[in-house]
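In case you want the letters, here they are:
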Amino acid sequence: MMKGVRFGDYHSYDDLHLILTEKEIGAPEPKLQYVEIPCADGKLDFTDAFGGVRYSNRSLSFSFQCIEPYDDFLHLFSEIQGRIHGRRLKVIIDDDPGFYYIGRVSVDSWRADRRIGEINVDVDAGPYKYAVFRTVMSHTVTETKAIYLPNLMKPAMPLVSCSASMDIAFNGDSFHFDAGDSQESALVLKEGSNLLEITGTGTIIFDYQEASL
């Protein structure tokens, strides 16, 4: 299998007949918030004042060569534009198959040199890459049980599914969940290992989306 990039439903090699020759994954720029203080040294840093660092979009850039006959280059270029140009898509890089980016795809340019066609594709993507598979953790509880939920960098609000009513203590707060599926906007997992103490009897399932830079 030739490695490449998947843009939505289309793989660069298997579906679009392109050979990946170069890729560049930009780092998202942190949104730093500083305030200058008159008649004082330095400045105040408010970057973390609203719950942590926020990030701008990141740029993904890919260069490809065409494997189609020379006479078909323009037709292929038109076909690729029709499938991915301007669309907001999931982007999965074969070298990092466990994660996907989400962004607006642009087919930047096409050129032919010595009968080799080259196409450049850019993506204006959100700052995070998301785990392809959601994290699902199931626990059986009898009276009281302490559990740890791991999470990557982006805060995550889990969907909680209970077979019976349960109470959860987390970060000094207490939450009550009735039987069924629900979410609590104040129950947000932070980066690392999150300790939850569950009280009740039955099965509880946590389903959440992890994401990293």
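So, here's what we can say about the structure. Numbers given to residues run from 1 along each chain, matching the order in which its sequence is written. Restriction of local features to residues with pLDDT of at least 70 applies here, the model being predicted, together with a cutoff of 80 or more for giving and counting side-chain atom pairs; totals for whole chains, interfaces and linings are based on all residues. Computation of side-chain values covers all heavy atoms of the structure but excludes hydrogens and water.

**Considerations on the environment of Lys-3**
Put simply, the test is: For the purposes of this entry, the term helix denotes a DSSP run of H or I that reaches at least four residues, the term strand denotes a run of E that reaches at least two, and both are numbered from the N terminus. Any residue under 20% of the maximum accessible area for its type is buried, any over 50% is exposed, and the rest in between are partly exposed; the area is computed with a 1.4 Å probe on protein chains only. Throughout, a residue-residue contact means that at least one pair of heavy atoms, one from each residue, lies within 4.5 Å.
Note that Lys-3 resides in the segment before β1 (5-7). A residue is classified by how much of its surface remains accessible, and Lys-3, at 52% relative accessible area, is exposed. The spatial distance from the C-alpha of Lys-3 to the C-alpha of Asp-14 is 9.3 Å, given a sequence separation of 11 residues. In contact with Lys-3, not counting residues within four places along its chain, are Leu-20, Asp-94 and Asp-95.

**Overview of the nonpolar core**
To keep things clear, this is the line we draw: By nonpolar core is meant a set of buried Ala, Val, Leu, Ile, Met, Phe, Trp, Tyr and Cys residues that side-chain atoms within 4.5 Å join together.
If you look at the biggest cluster of nonpolar residues, it comprises 23 residues, and the most contacted ones within it are Phe-7, Phe-62, Ile-84 and Val-91. For this core, the secondary-structure elements that each account for two or more residues are β1, β6 (58-66), α1 (73-84), β7 (88-93), β8 (99-113) and β9 (116-125). Here the element with the most residues in this core is α1; it accounts for five residues. In contact with Ile-84, not counting residues within four places along its chain, are Phe-7, Tyr-10, Leu-16, Leu-89, Val-105, Val-107 and Val-121.

**Some remarks on the pattern of salt bridges**
The following threshold applies: What makes a salt bridge here is a side-chain nitrogen of Lys or Arg within 4 Å of a carboxyl oxygen of Asp or Glu, nothing more.
Under the definition given, this model contains five salt bridges. Between Lys-129 and Asp-96 there is a salt bridge; the shortest N-O distance is 2.8 Å. With Lys-129 in strand β10 (residues 129-131) and Asp-96 in the loop between β7 and β8, this pair connects stretches of sequence that are 33 residues apart. Taking the relative accessible area as the measure of exposure, Asp-96 reaches 24% and is therefore partly exposed. Overlapping salt bridges bring together Lys-3, Lys-23 and Asp-95 as one network.

**Observations concerning the environment of Leu-189**
In this fold, Leu-189 is placed in the loop between β15 (180-182) and β16 (192-208). Sequence spacing of Leu-189 and Thr-144 is 45 residues, and the spatial spacing of their C-alpha atoms is 20 Å. Among all residues touching Leu-189, those that are not within four sequence positions of it are Leu-149, Asn-151, Pro-155, Ala-156, Pro-158, Phe-170, Asn-194, Leu-196 and Tyr-208.

**Comments concerning the packing of aromatic side chains**
Short version of the rule: Whether two aromatic rings pair depends on their centres lying within 6.5 Å, for rings of Phe, Tyr and Trp, where Trp uses its six-membered ring; planes under 30 degrees apart make the pair stacked, over 60 edge-to-face, and the rest tilted.
As enumerated under the stated definition, the model contains five aromatic pairs in all. An angle of 85° between the planes, with centres 6.2 Å apart, marks the rings of Tyr-55 and Tyr-128 as edge-to-face. One end of the pair, Tyr-55, is in the loop between β5 (43-45) and β6; the other, Tyr-128, is in the loop between β9 and β10, with 73 residues separating them in the sequence. By the burial criterion, Tyr-55 is buried, and Tyr-128 matches it. Members of the aromatic cluster, connected to one another through ring pairs, are Phe-7, Phe-62 and Phe-64.

**Things to note about α1**
An α-helix turns once per 3.6 residues; consequently, residues spaced three or four apart project the same way. Put simply, the rule is: For a helix, the expected span equals 1.5 Å multiplied by the residue count minus one. Each direction from the helix axis to a C-beta atom contributes to the arc, which is the arc of those directions.
An ideal rise of 1.5 Å per residue puts 16 Å on 12 residues; α1 measures up with 17 Å between its terminal C-alpha atoms. Those residues of α1 not exposed but buried are Phe-73, Leu-76, Phe-77, Ile-80 and Ile-84. For α1, the angular spread of the buried residues around the axis is 100°, confining them to a single face. α1 presents Leu-74 and His-75 as exposed residues on the side facing more than 90 degrees away from its buried surface. Looking at the residues trailing α1, positive phi occurs at Gly-86, about 80°.

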